[in-house]
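Listed below, chain by chain, are the residues.
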Amino acid sequence: MRDPYEVLGVSRGASAEEIKKAYRRLARKHHPDVNPGSREAEQRFKEIQEAYAVLSDQEKRRQYDQFGTIDEAELAARAARARARHAGRSRQVRVDFDPFGGDLGDLFGRMFGDAAQGFQAAQPAAVETSVELEFAQSVRGATVVVPVRRQVECGQCRGTGRRGERPCPRCGGSGSLVTTDRLRVKIPAGVADGDRVRAAIKGPPPSEVAVLARVKPHAYFDRRGDDIHTVVPITFAEALLGAEVEVGTVDGPVRAKIPAGTQSGQKFRLRGRGVRNVTSGVHGDHYYTVHVAVPKLITPAAKEVARRAAELYGADPRANLPRSLDQSASG
């Protein structure tokens, strides 16, 4: 493994922000989309990603600084223990916003996947709320309005619960009231289902809100991590002879080549056509699987074409398939 500090061109004392800036600059410069067909750029881009994966992770960076290498087995064991301790938690993004309907401020620019990386224990527990997002909103980002119920100090008795010798008539003596704020929340591009946009309300009074994102599934685009997967139907002629077809992506249609002799179920990749990662800003890939569509209209001419097409097969396409668990295809 190459020295990650050397790969990113930063010093060993570099801050997290310096490492992130170096990564983004180099990733943009060496991205395969910017250098089509360059294996050197592709390898360099891979090294940059691996280096950032080490230096952006506190545990990996600490282990590398101490031993000069990464013990993935040990890190996996620690991660499993952490998941057991924090079961049910999802990644979180911290933002600030105004409780009186103002837009969210800028993202702090990092994800919080563990309680130790979130707010300090001395701060108040976050108020939970959720928002349902369309798939396009989660991919492109959006500004939505969410209701947030929270407990605030009674302004009439200033939290004492008393008005003179009597209980406060407004809060009934509790000293607090439950209020519902309607907040305009800016959801960052790339948020996935189950992510929490963790925010600090500046007040009054200051408090925290964790907005759980619930993303509706899309009928065509299947998101897996930052990658998108789709199925593209093609004709028998296009599969046999090759063609150029249009593939829909989250950023718009792309013309893609289907090689001659393509098999039904074959998968292809469009680099950088997936979802933008909230942390790194790097886009995932788009994978499309082709499916050879069979005509539903059976005519005498179609039967003749099918008969002639069958003659193109030199052997039984199922000849190498096993017949059972105990007997092979040739047995």
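Because the structure is a prediction, the values reported are computed rather than measured.

## Considerations on the confidence of the model for the chain
Part 1 of the argument: Per-residue pLDDT for the chain has a mean of 80; in total, 79% of the residues score no lower than 70.
Part 2 of the argument: Across the chain, element-level confidence peaks in strand 12 (residues 243-249) with a mean pLDDT of 96 and bottoms out in strand 2 (residues 111-112) with 31.
Part 3 of the argument: In the model, residues 94-125 has pLDDT below 50 throughout and makes 71 contacts with residues more than four positions away in sequence or in other chains.

## Some words on the sheet that holds strand 11 (residues 227-234)
Part 1 of the argument: Across the sheet, four strands lie side by side as 10-11-15-14; this open sheet has mixed pairing. The open sheet has two edge strands with one neighbour each: strand 10 (222-224) and strand 14 (267-270). With strand direction ignored, the average angle separating the axes of adjacent strands in the sheet is 30°.
Part 2 of the argument: Both strand 10 and strand 11 contribute to a ladder of three bridges, which runs antiparallel. Residue Arg-224 lies in a different strand from strand 11, and its bridge partner there is Asp-227.

## Describing the pairing of strand 13 (residues 252-258)
Part 1 of the argument: As judged from the seven bridges shared by strand 12 and strand 13, these two strands associate in the antiparallel manner. Bridge pairing in strand 13 places Thr-249 opposite Gly-252.
Part 2 of the argument: Between the antiparallel neighbours strand 12 and strand 13 lie two residues.

## Notes on the side chain of Asn-277
Part 1 of the argument: Checked against the element boundaries, Asn-277 lands in the loop between strand 14 and strand 15 (286-292).
Part 2 of the argument: Here Asp-226 takes part through its side chain, which lies 2.6 Å from a polar atom of the side chain of Asn-277.
Part 3 of the argument: For Asn-277, the contacting residues outside a window of four places in its chain are Asp-226 and Val-282.

## Here we look at the packing of aromatic side chains
Part 1 of the argument: Enumeration according to the criterion identifies five aromatic pairs in this entry.
Part 2 of the argument: Summarising the aromatic geometry, the rings of Phe-135 and Phe-221 are spaced 6.4 Å apart at their centres and angled 5° between planes, so their arrangement reads as stacked. On the criterion of sequence distance, the pair formed by Phe-135 in helix 6 (residues 135-140) and Phe-221 in the loop between strand 9 (207-215) and strand 10 is long-range, its members being 86 residues apart. The exposure classification of Phe-135 matches that of Phe-221, with both residues buried.
Part 3 of the argument: Seen in terms of ring centroids, Tyr-220 and Phe-221 are 4.8 Å apart; in terms of plane orientation they differ by 70°. Their pairing is edge-to-face.

## Some thoughts on the nonpolar core
For soluble globular proteins, nonpolar side chains are generally found buried alongside one another.
Part 1 of the argument: Counting residues in hydrophobic clusters, the biggest one holds 23 residues, and the most contacted among them are Val-131, Leu-133, Phe-135, Val-144, Val-146 and Ile-187.
Part 2 of the argument: Of all elements in the fold, only strand 3 (127-133), helix 6, strand 4 (142-153), strand 7 (176-187), strand 8 (196-201) and strand 9 reach the threshold of two or more residues within this core.
Part 3 of the argument: Residues in contact with Phe-135, not counting those within four places in the same chain, are Val-215, Lys-216, His-218, Phe-221, Arg-223, Ile-228 and Val-250.

## Digging into the packing of helix 2 (residues 16-30) against helix 3 (residues 39-55)
How two helices sit against one another is set out by the angle between their axes and by the gap between those axes.
Part 1 of the argument: The interhelical angle for the contact between helix 2 and helix 3, taken along N-to-C directions, is 165°, at an axis separation of 9 Å. As summarised for this structure, helix 2 and helix 3 are arranged roughly antiparallel, according to the angle between their axes. Here the hand of the crossing between helix 2 and helix 3 comes out left-handed. Here helix 2 contributes Ile-19, Lys-20, Tyr-23, Leu-26, Ala-27 and His-30 to the contact with helix 3, which in turn contributes Ala-41, Arg-44, Phe-45, Ile-48, Gln-49, Tyr-52 and Leu-55.
Part 2 of the argument: Of the residues belonging to the contact of helix 2 with helix 3, the class tally is nine nonpolar, two polar and two charged.

Rules used in this analysis
Residues numbered from 1 in each chain as written. Predicted model: local features only at pLDDT ≥ 70, side-chain atom pairs only at ≥ 80, totals over all residues. Heavy atoms only, no water. pLDDT = per-residue confidence, 0-100. Helix = DSSP H or I, 4+ residues; strand = E, 2+ residues; numbered from the N terminus. Contact = heavy atoms within 4.5 Å. Pairing = 2+ DSSP bridges. Axes fitted to C-alpha atoms, helices over the stretch in contact; angles between N-to-C directions. Polar contact = N/O pair within 3.5 Å; in protein donor to acceptor, adjacent residues only side chain to side chain. Phe/Tyr/Trp six-rings, centres within 6.5 Å; stacked < 30°, edge-to-face > 60°. Buried < 20%, exposed > 50% of the residue type's maximum accessible area, 1.4 Å probe, protein only. Core = buried A, V, L, I, M, F, W, Y, C linked by side-chain atoms within 4.5 Å. Parallel < 35°, antiparallel > 145°, perpendicular 65-115°, else oblique. Left-handed = near helix turned anticlockwise from the far one by under 90°. Nonpolar A, V, L, I, M, F, W, Y, C, P; charged D, E, K, R; others polar.

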